[in-house]
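Architecture at a glance
Residue-level listing of the chains:
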Amino acid sequence: LAPALRRARTYGPLLRGRAVRLLGPASCELRAALEAVVAAADGRWLQEDLDDLGTPGDVLLLAENRAAAEQVVAAGPSVGGPIYLAEALLAAACSQELRLEPYRLVG
């Protein structure tokens with residue numbers, strides 16, 4: 001816990017205004033937990049349609065699992081960037097380090 005607290009004090013909020021969007025189907029519990037983490041980490045929770053996401057790469061795209069990510073990709077146009085397992089953000093909240101590559105699902 002001490003290293004995570006040190007990182008938070010040194011670098012500030014984990015997301016610092018970065019937008020986050022949960023794609024595809026997800027449990028209510030996961031969605032609520034992610035919304036709380038995003039708010040606490042000074043991020044922006046997006047609920048808009050994919051057409052309104054803005055510039056590709058500006059938004060952290062998450063999915064509950066690989067099947068949900070693949071469903072989103074198969075359903076339509078490109079989502080504009082890689083999709084990561086939602087667990088990445090939960091792990092980052094504990095460690096205060098956003099390590100995305102180990103959680104990449106699609107893209």
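Scroll up a little and you will see the structure.
Residues numbered from 1 in each chain as written. Predicted model: local features only at pLDDT ≥ 70, side-chain atom pairs only at ≥ 80, totals over all residues. Heavy atoms only, no water.

1. Structural notes on the pattern of salt bridges
- Tallying each qualifying case throughout the model produces two salt bridges.
- Its salt-bridge partner being Arg 99, residue Glu 97 comes within 2.6 Å of it at the nearest N-O pair.
- The exposure class of Glu 97 is partly exposed, given its relative accessible area of 28%.
- In this structure, the salt-bridge partner of Arg 104 is Glu 101, at a minimum N-O distance of 2.8 Å. (Salt bridge = Lys/Arg side-chain N within 4 Å of Asp/Glu carboxyl O. Buried < 20%, exposed > 50% of the residue type's maximum accessible area, 1.4 Å probe, protein only.)

2. Digging into helix H3 (residues 66–75)
- For H3, every residue scored as buried is listed here: Ala 68, Ala 69 and Val 72. Angularly, the buried residues of H3 cover 100° about the axis, an arc narrow enough to put them on a single face. Seen from the open side of H3, the exposed residues pointing more than 90 degrees away from its buried face are Ala 67 and Ala 74.
- The N-cap residue of H3 is Asn 65: its side-chain oxygen and the backbone nitrogen of Ala 67 are 3.3 Å apart. (Helix = DSSP H or I, 4+ residues; strand = E, 2+ residues; numbered from the N terminus. Arc of directions from axis to C-beta. Polar contact = N/O pair within 3.5 Å; in protein donor to acceptor, adjacent residues only side chain to side chain.)

3. Quick word on the pairing of strand S1 (residues 19–23)
- For S1, the buried fraction is high: five of the five residues fall into the buried class.
- Judged from the two bridges that link them, S1 and strand S2 (residues 44–45) form a sheet pairing that is parallel. Counted as the bridge partner of Ala 19 is Arg 44 from S2.
- Where S1 and strand S3 (residues 59–63) come together, five bridges link them in parallel fashion. When the bridges of S3 are listed, Leu 22 appears paired with Leu 62. (Pairing = 2+ DSSP bridges.)

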